[in-house]
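Residue-level structure breakdown
If you want the building blocks of each chain, they are given just below.
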Amino acid sequence: MNSRRLLSSKAAIFLKRQEWDWKITVTRTSLDRFAHQIVFPYLSLYIVALGATATELGIVNSFGMIAAGIISPLIGWFIDRSGPKKIYLLGIGFLAISYLTYAIAQSWLITGFAMVMYWLGFSVSIHSCATICGNCLANEDRATGMTICETVAAGLLGMAGPMLGAWLVTAFGGVNAGGIRPLFLLSSIITGISFTI
């Protein structure tokens, strides 16, 4: 019991001494992971349900990764000139556009644009997130702080996302375009909230 109380006390002290920007980034990253994990298990199924073949599905993924690969070397330069906050918001905006485009897509061709927006948004926001963590966390807190972020984002909310997604797909009619589409709308709303935060 004493060791649990001591651990809780140390955690509270650690969180209290961290900068506001880091706390906001952890919250935003956690919401982002949650939004992505809601749709991720159904993404390929959705694109195929909209009429894509396996080859076309691969092409859609490739377009997004190529776009992110082209812009990635420039992101650090943009962050250095504009500051991480503006670039971070740009990345989050791309993510919101991506989910919204998926939600309204009536053809797999439109999902190509959505995939490009997702990979650009992910690439831009992850670099900005790392910059904010690097700037906010003291050397002796950096590994702990980044691990806390990963534990909350990838661990707790990362596990909750697929469970909520499965429940919603079942509620909206099963594994088909109509049953999956509302997940993207929900993810776009969550991403909009994270933008506001």
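The preceding data block contains the structure.
Since this is a predicted model, take the numbers as computed values, not measurements. (Residues numbered from 1 in each chain as written. Predicted model: local features only at pLDDT ≥ 70, side-chain atom pairs only at ≥ 80, totals over all residues. Heavy atoms only, no water.)

Position of Phe78 relative to the elements: it lies in helix α4 (residues 54-82). For the pair Phe78 and Val124, spaced 46 residues apart in the sequence, the C-alpha separation amounts to 9.8 Å. Discounting residues that sit within four places of it in the chain, Phe78 has contacts with Gly83 and Ile87. (Helix = DSSP H or I, 4+ residues; strand = E, 2+ residues; numbered from the N terminus. Contact = heavy atoms within 4.5 Å.)

This paragraph deals with the side chain of Ser125. Mapped onto the elements, Ser125 comes out in helix α6 (residues 108-136). What makes Ser125 buried here is its relative accessible area of 2%. At 2.8 Å, the side chain of Ser125 forms a polar contact with the backbone oxygen of Gly121. Here Phe122 takes part through its backbone oxygen, which lies 3.3 Å from a polar atom of the side chain of Ser125. When residues no more than four places from it in sequence are discounted, the contact partners of Ser125 are Arg28, Tyr88, Gly91, Ile92 and Leu95. (Buried < 20%, exposed > 50% of the residue type's maximum accessible area, 1.4 Å probe, protein only. Polar contact = N/O pair within 3.5 Å; in protein donor to acceptor, adjacent residues only side chain to side chain.)

In this section: the pattern of salt bridges. For the structure on display, the rule yields one salt bridge. Among the salt bridges present, the one from Arg28 reaches Asp32, with a minimum N-O distance of 3.8 Å. You can see Arg28 and its partner Asp32 sitting in helix α2 (residues 20-39), four residues apart, about one turn around the helix. In this pair, the class of Arg28 matches that of Asp32, namely buried. (Salt bridge = Lys/Arg side-chain N within 4 Å of Asp/Glu carboxyl O.)

Next up on the list: a nonpolar patch on the surface. There is a patch of nonpolar side chains on the surface, built from Leu100, Ile104, Leu185, Ile189, Ile193 and Ile197 and spanning about 540 Å² of accessible area. Of all the secondary structure elements, the ones that give two or more residues to the nonpolar patch are α5 (84-104) and α8 (177-196). Looking at the secondary structure, you find Ile193 in helix α8. With a relative accessible area of 44%, Ile193 lands in the partly exposed category. (Patch = residues over 30% accessible without salt bridge, like charges linked within 9 Å, V, L, I, M, F, W, Y side chains within 5 Å. Areas by Shrake-Rupley, 256 points an atom, 1.4 Å probe, with all protein chains shown as cover.)

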